[in-house]
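Each chain is listed here by its residues.
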Amino acid sequence: MKTVINSMRLEVPSRSANESFARSAVGCFAAQLDPTLEEVGDIKTAVSEAVTNCIVHAYPDGIGRVLIRARILADRSLEITVRDWGKGIEDVEQARTPMFTTGGDNRSGMGFTIMESFMDSLRVRSSPGKGTTVVMRRKIAERAGIR
């Protein structure tokens, strides 16, 4: 069992304006681990991609709920869960393929690739018609002289 040092939970409607709020909230929460600016930027970008996926793909024709949960674990890892109850993903493996998108010509299809490149691990669970859960983890190194 993972020892949880601290946690936060944020639930927002799947409105575009809430993407920046979610990324800022998680970035501020992560600050207690004293990450570098680069680490904070990576975390915020990954959260942005995950929340944007919920807004664009889970609820393409309306507004739904997006849950963002962050936990700081005893090993100095930040675990972030982004969940929706939208339309789900038919083929998760295909969705994780770079350049694949169901969002039309204005989407790059790089969301999962970006999340994976900025985090240490990425898990995606989805059920068509029931929603998607993305769990990301990033370990923050302890810097010399800081405890």
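Refer to the structure presented above.
Being a predicted model, the structure only gives us computed values, none of them experimental.

**Q** Break down the overall build of the chain for me, citing the residues and quoting the values.
**A** Across its full length, the chain holds four helices and five strands. Counting from the amino terminus, the chain carries its helices and strands in the arrangement β-α-α-β-β-α-α-β-β. Expressed as a percentage of its 147 residues, the buried residues of the chain come to 44%. Working note: accessible area of the chain is about 8100 Å², and carbon and sulfur atoms make up 49% of it.

**Q** Hey, could you go over the sheet that holds strand β4 (residues 121-127) for me, with residue numbers and the actual values?
**A** Reading across from one edge, β1-β2-β3-β5-β4 is the order of the five strands in this open sheet, with antiparallel pairing throughout. A single partner strand is all that each edge strand has here, and the edge strands are β1 (4-13) and β4. Direction aside, the axes of adjacent strands within the sheet are offset by 10° on average. Pairing of strand β2 (residues 65-73) with strand β3 (residues 77-84), which is carried by seven bridges, proceeds in the antiparallel orientation. In the strand pairing of β3, V66 is matched with D84.

**Q** Hey, could you go over the pairing of β3 for me, with residue numbers and the actual values?
**A** For β3, the buried fraction is high: seven of the eight residues fall into the buried class. Connecting β2 to the next strand, β3, in antiparallel fashion are three residues, including R76 with a positive phi near 70°.

**Q** Describe the nonpolar core, naming the residues involved and giving the relevant values.
**A** Judged by nonpolar contacts, the single largest core of 35 residues is most densely connected at I68, L78, I80, V82, M115 and M136. Sorting the residues of this core by element identifies β1, α1 (17-30), α2 (37-58), β2, β3, α4 (111-118), β4 and β5 (131-139) as the ones contributing at least two each. Apart from residues no more than four positions distant in its own chain, M115 is found in contact with A46, E49, A50, N53, L122, V134 and M136.

What counts and how
- Residues numbered from 1 in each chain as written.
- Predicted model: local features only at pLDDT ≥ 70, side-chain atom pairs only at ≥ 80, totals over all residues.
- Heavy atoms only, no water.
- Helix = DSSP H or I, 4+ residues; strand = E, 2+ residues; numbered from the N terminus.
- Buried < 20%, exposed > 50% of the residue type's maximum accessible area, 1.4 Å probe, protein only.
- Areas by Shrake-Rupley, 256 points an atom, 1.4 Å probe, with all protein chains shown as cover.
- Pairing = 2+ DSSP bridges.
- Axes fitted to C-alpha atoms, helices over the stretch in contact; angles between N-to-C directions.
- Core = buried A, V, L, I, M, F, W, Y, C linked by side-chain atoms within 4.5 Å.
- Contact = heavy atoms within 4.5 Å.

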